[in-house]
Structure formats: C-alpha cells, structure tokens
Amino acid sequence: MNLYVKNNRFWFELENLTRLFFPNEKINVFKEFEAATPPMIFSGLSDKITVRVEINGFKRELYGEIANDDVKDELTTVQLLYRLLREYSGINQPWGLLTGVRPVKLFRKIIGEAGIDGAREKFEKEFFVSRKKTELAALTEENERRILSLSTPESFSLYVGIPFCPSRCSYCSFVMASVERAKKLTEPYVRLLREEIKATAQEASNLGLRLESVYFGGGTPTTLSAEQLDMLLSEVTNSFDMSHCREFTVEAGRPDTITKEKLFALKENKVDRISINPQTVSDDVLKEIGRRHTAMQFYDAFSLARKCGFDNINTDLIAGLPKDTVEGFSHSLDEMLRLGAECITVHTLCMKRASTLTQDGTVLDRGVAESTAKMLEYAQKRLTEESYIPYYLYRQSRMAGNLENVGWSKKGFESLYNVFVMDETHTILACGSGGVTKLKNQSTDHLERIFNFKYPYEYIDRFDEIIERKSGISRFYG
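First, a word on what this report is: a plain description of the structure on this page. (Residues numbered from 1 in each chain as written. Predicted model: local features only at pLDDT ≥ 70, side-chain atom pairs only at ≥ 80, totals over all residues. Heavy atoms only, no water.)

Description of the packing of aromatic side chains
Line of reasoning, step 1. Scanning the entire structure with this criterion turns up 23 aromatic pairs.
Line of reasoning, step 2. Aromatic pair F107 and F123: ring centres 5.0 Å apart, planes at 90°, arrangement edge-to-face. The same class applies to F107 and to F123, which are both buried.
Line of reasoning, step 3. Relative to Y417, the ring of Y215 has its centre 4.7 Å away and its plane inclined at 25°; by these criteria the two rings are stacked. Of this pair, Y215 sits in strand β9 (residues 210-218) while Y417 sits in helix α13 (residues 416-423), and the two are 202 residues apart along the sequence.
Line of reasoning, step 4. A relative accessible area of 7% places Y417 in the buried class.
Line of reasoning, step 5. Among the aromatic residues, ring-to-ring pairing joins Y4, F30, F33 and F42 into one connected group.
Line of reasoning, step 6. Against the face of Y63 rests K48, its NZ or CZ located 4.1 Å from the ring centre. (Phe/Tyr/Trp six-rings, centres within 6.5 Å; stacked < 30°, edge-to-face > 60°. Buried < 20%, exposed > 50% of the residue type's maximum accessible area, 1.4 Å probe, protein only. Helix = DSSP H or I, 4+ residues; strand = E, 2+ residues; numbered from the N terminus. Lys NZ or Arg CZ within 6 Å of the ring centre and 35° of its normal.)

Okay, structure coming up:
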C-alpha cells in the first residue's frame, strides 16, 4: 500500500493506522513525490487538511480545518483517515485509531486531565474506541492504581534475560538460541551474567536505590541446569538488598524444561512466582506452532510446581493460533481455571516480521480476526465470572483483529513487575543479552535507555563494553 504525505509530519501515525487495515501489506511512505497514483492513500495540509483514499474502485476524500497546532492537526488527520478506511473496509477497529502499546497509560493520563468520564468520552468519541474496550481500559487502570502507589522515587526493578530455549516457537521473534545450537555458550554466558549482576547491584547500592521486583525472562530461564539457575539466582539475592523486594518471578515457560531440581533451586532462592505456559492444551496446535511438548507435560509440570510449594503460578494462553478454534481455545481457558492458576495471561497472536509464521506466508485475514475476537470475549466473560481481574494490558502491531494482551489474576496475585514495566513507573535495570535498562527521571518523566547486545555470542565477546555502559546509570542519577 502506498501512503503519500504532503506538508505534514504525521507520516508515522498515518503509517501505523494504515497497517491496522492492511496488516499483511508493506506500507510504502512517500514524502517527496510529483503525483500520487492509485491504489493509494494521500494526506496533505495546505489551506485545509485533506485526506484521500483511492483503492480498488473506492475513491473518497475528506477535509478538516487547520488549527495550526500539531497535536490537534495530527488528531484531525488521523481521524479523517480512520473514517475513510473504516468506510472502505467495513471494519470498526476495536481500539479505534489507537496504535500505541500502552492504551491504559494513555487512559490514565486523560483521567488526570479530564476525569474518568472525560477519559471515557475521549476514547469513544475522539479515538473511536469501542465501548467494550474503553471499559476494559477503565477497569484495568483502576486495578493498576494500587500497585503503582507502591513505587517510591527511589524504586527500581531488575530484569535478567536468559536467551536460550529448547526450540523456537513459530510465532516468536525474540532473539534467542536453541539449547542444541548454543550449548557451548551457556557456561560462559552464565559466568559473565553473574559479573554483570554484581556490577549492577553495586551501581544500585551506590545510588541508594530500592529494589521492588525481580523478573527472570527470556527465552526460557529454566532451559539452564539447576546448578546454573542456582548460581544466577543466588547472585541476585546475595548482591542486591532484597529487604524491600515484593516479588521474584522466573519464567519457567516451557513445561519440557521443568524438573524437581530446578523448582527446588528457585524455591531456595526466594522465587515466589513462576510462569508455566502451555499456550494451548491441544497437542495438534502445539505441534503446529513448534512447541516440543505435549499438553500432558504441561499438566505434569503444573502439578509438580504445586507439590514443590509454588502458590503463585501464571499460565499464558494465545488466542488465534494456527489450527486452533474458538471451542479449542475455550477448552484451554477452562482448563487453566480448573487448575486454579493464580494468573492467566491471555495473549493475542501477533504476526511478527521475524517469526517463522510470517516468513512462511501465514497472513491475518478477517476470519482469523473474527474468531480471535470471540476467543477474547469468552475469556473476559469466564475470567470475570471466576473473579479474576484485568491488571495490565498492552498491544502490539500486526495483532490478529487489532486486539490486545491482558494479564488476569486472582485479587492479590497481580504481577507487580508487569505493571511497573508496562506503565514505565520507575527505573528498570536489565542484565543479560537483549536487556534494555530504562532509567526514569521521576521529576520530568524522562526515560533514558542503555542497550545490551542482542545476541549471546555478542554479549560474551563484547562483555567489557556492556560493563562500561553500566556507568551510564550513575551518570543519569548524578
């Protein structure tokens, strides 16, 4: 799809909006051109705002008044394009013209300016968000508020990345290495990661920062051996002041990596929350998406975790997976409820460009969008009936049906880290390959990022540079 932009700086927002309606097409943006030729979308500013769509015989143009205010002119331009693409496609996007990752954070900001009723009205009338999604945002924001109040100006959270998995799932685009290919990297990676953890803890101590939550993600941390896990976890508990830490989470996402020895290593190192993620309990769907485990392995891993004393377990499900059905997804959700998982995170399939699914030519069509929407409707209905609450929510581009990911939990079992990181509440110090430290100035809300190298071999080969970058933490606070 060709997007022509003349005399305005709104091309990024217009491109993202266009992608909502054409998720399988490359959006070509032209800022300098002699003529716009169909099929195309045109946006221009002169004495008025003009938006024109010419696609497959559909030809319509809308106009708006110029306010000479970039924020207002951008909103008017995006509104006009949304109205035209809605008319062309017949699709009412559930989140309207919103394309950002954090709609709940936006909702909270508007509450501060216009109150809860004003936020609802703005979402529905100006952003064209559906009533159901507006209410979901309002409820999630309300549930987040108590958690956000726990953070102080000195607060921070710690993320530790383990970039190894048993195999790559077909929907995944994260930088990771299968353990078969990268086995020789794990020992030096763990050794250097311990050094980075110690260096990061020293920075935090020097600055008097207060650790609120710890999250081991990946990849799959439990791909490591019990001994390697013990070394890393004990490095955290010995290096950091844990006296204020409210939550310690480890992703044990792949059931085929979980053993009694690993669970004991987690338990002995004060880990109080884990994730065991089936994504589905259909063996056919699991095989289709490249997960080398069965539903029974998930059930066995969940039962083992309970026997080892874990009473705060999250399970992930994905709506819209290839070969899955509304009935199949509903059964998977009902099974998570039967097991009594404290948290159930319901993701929507996202067609990431680097994923195997995308590269193999899988596309998002209207049928997938409609069935995925029914899956999420069922999830919200059943989880609400069982007294689970939505406590964090985020969105990604190229999601089936332009929907959302929602973390649901029993009251009192919400993941603090998930809320802190999604709201960008306070500083996140990150260790490991692919880690991104986000430093937050509480006075100005300014965020500054320090990036670690993405790939495990880069992390190992250029480790001295990573340690040098850590000095940016003290410079930021100084």
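Concerning helix α6 (residues 226-239)
Line of reasoning, step 1. Under the 1.5 Å per step criterion, the end-to-end length of α6 is 20 Å for 14 residues, consistent within 8% with the ideal 20 Å.
Line of reasoning, step 2. Residues A226, Q228, L229, L232, L233, S234, E235, V236 and T237 constitute the buried set of α6. (Expected span 1.5 Å × (residues − 1).)

A short note on the nonpolar core
Line of reasoning, step 1. Judged by nonpolar contacts, the single largest core of 110 residues is most densely connected at F216, F240 and I344.
Line of reasoning, step 2. The element best represented in this core is helix α5 (residues 179-207), accounting for eight residues.
Line of reasoning, step 3. When near neighbours in sequence (up to four residues on either side) are disregarded, I344 contacts N314, T315, L317, L333, M336, L337, L383, Y388, V406, G407 and W408.
Line of reasoning, step 4. Of all hydrophobic cores here, the second largest spans 12 residues; its members include Y171, C172, I289 and A400. (Core = buried A, V, L, I, M, F, W, Y, C linked by side-chain atoms within 4.5 Å. Contact = heavy atoms within 4.5 Å.)

Thoughts on the sheet that holds strand β3 (residues 40-45)
Line of reasoning, step 1. Across the sheet, which stays open at both edges, the five strands sit in the order β2-β1-β3-β4-β5 with mixed pairing between neighbours. Since the sheet does not close on itself, it has two edges, and those belong to β2 (28-30) and β5 (58-64), each with one partner. Strand-to-strand, the axes of this sheet are offset by a mean angle of 10°, without reference to chain direction.
Line of reasoning, step 2. Bridge count for strand β4 (residues 49-55) against β5 is seven bridges, and the pairing is antiparallel. Paired with V53 across the bridge in β5 is R60.
Line of reasoning, step 3. Packing of helix α1 (residues 11-21) onto the sheet brings it into contact with β1 (2-6), β2 and β3, and relative to β1 it is tilted by some 155°.
Line of reasoning, step 4. In this fold helix α2 (residues 70-89) packs onto β3, β4 and β5, with an angle of close to 25° to the strand it touches most, β4. (Pairing = 2+ DSSP bridges. Axes fitted to C-alpha atoms, helices over the stretch in contact; angles between N-to-C directions.)

Focus: the packing of helix α4 (residues 131-148) against α13
Line of reasoning, step 1. Close contact between α4 and α13 brings their axes to 10 Å; oriented N to C, the two are set at 100°. With respect to each other, α4 and α13 are oriented roughly perpendicular. Here α4 contributes E144, I147 and L148 to the contact with α13, which in turn contributes L416, V419, F420 and D423.
Line of reasoning, step 2. Residue classes in the contact of α4 with α13 are distributed as five nonpolar, no polar and two charged. (Parallel < 35°, antiparallel > 145°, perpendicular 65-115°, else oblique. Nonpolar A, V, L, I, M, F, W, Y, C, P; charged D, E, K, R; others polar.)

Some points on unusual backbone geometry
Line of reasoning, step 1. The residue after P38, namely P39, is reached through a cis peptide bond having omega 0°.
Line of reasoning, step 2. As for its placement among the helices and strands, P39 is situated in the loop between β2 and β3.
Line of reasoning, step 3. Cis geometry marks the peptide bond from G218 to G219, where omega comes out at 15°.
Line of reasoning, step 4. Mapped onto the elements of the fold, G219 is located in the loop between β9 and α6.
Line of reasoning, step 5. For N7, which is not glycine, the phi dihedral falls at a positive 60°.
Line of reasoning, step 6. Of note, N7 is situated in the loop between β1 and α1.
Line of reasoning, step 7. Its relative accessible area of 57% is what places N7 among the exposed residues.
Line of reasoning, step 8. With a phi angle near 55°, E424 is a residue other than glycine that sits in the positive phi range.
Line of reasoning, step 9. With respect to the helices and strands, E424 occurs in the loop between α13 and β16 (427-431).

Quick word on a negative patch on the surface
Line of reasoning, step 1. Together, E227, D230, E261 and E268 line one region of the surface with negative charge.
Line of reasoning, step 2. Only α6 and α7 (260-268) provide two or more residues apiece to the negative patch.
Line of reasoning, step 3. Looking at the element boundaries, D230 is found in helix α6. (Patch = residues over 30% accessible without salt bridge, like charges linked within 9 Å, V, L, I, M, F, W, Y side chains within 5 Å. Areas by Shrake-Rupley, 256 points an atom, 1.4 Å probe, with all protein chains shown as cover. Salt bridge = Lys/Arg side-chain N within 4 Å of Asp/Glu carboxyl O. Lys, Arg positive; Asp, Glu negative; His and termini not counted. Charge placed at Lys NZ, Arg CZ, Asp CG, Glu CD.)

Topic: the pattern of salt bridges
Here the idea is simple: oppositely charged side chains can pair when their charged atoms come close.
Line of reasoning, step 1. Taken as a whole, this structure holds 34 salt bridges when the rule is applied.
Line of reasoning, step 2. Between E465 and R462 there is a salt bridge, with the nearest N and O atoms lying 2.8 Å from each other.
Line of reasoning, step 3. Taking relative accessible area as the criterion, R462 reaches 35% and is therefore assigned partly exposed.

By themselves, these figures tell us nothing about what the structure is for.
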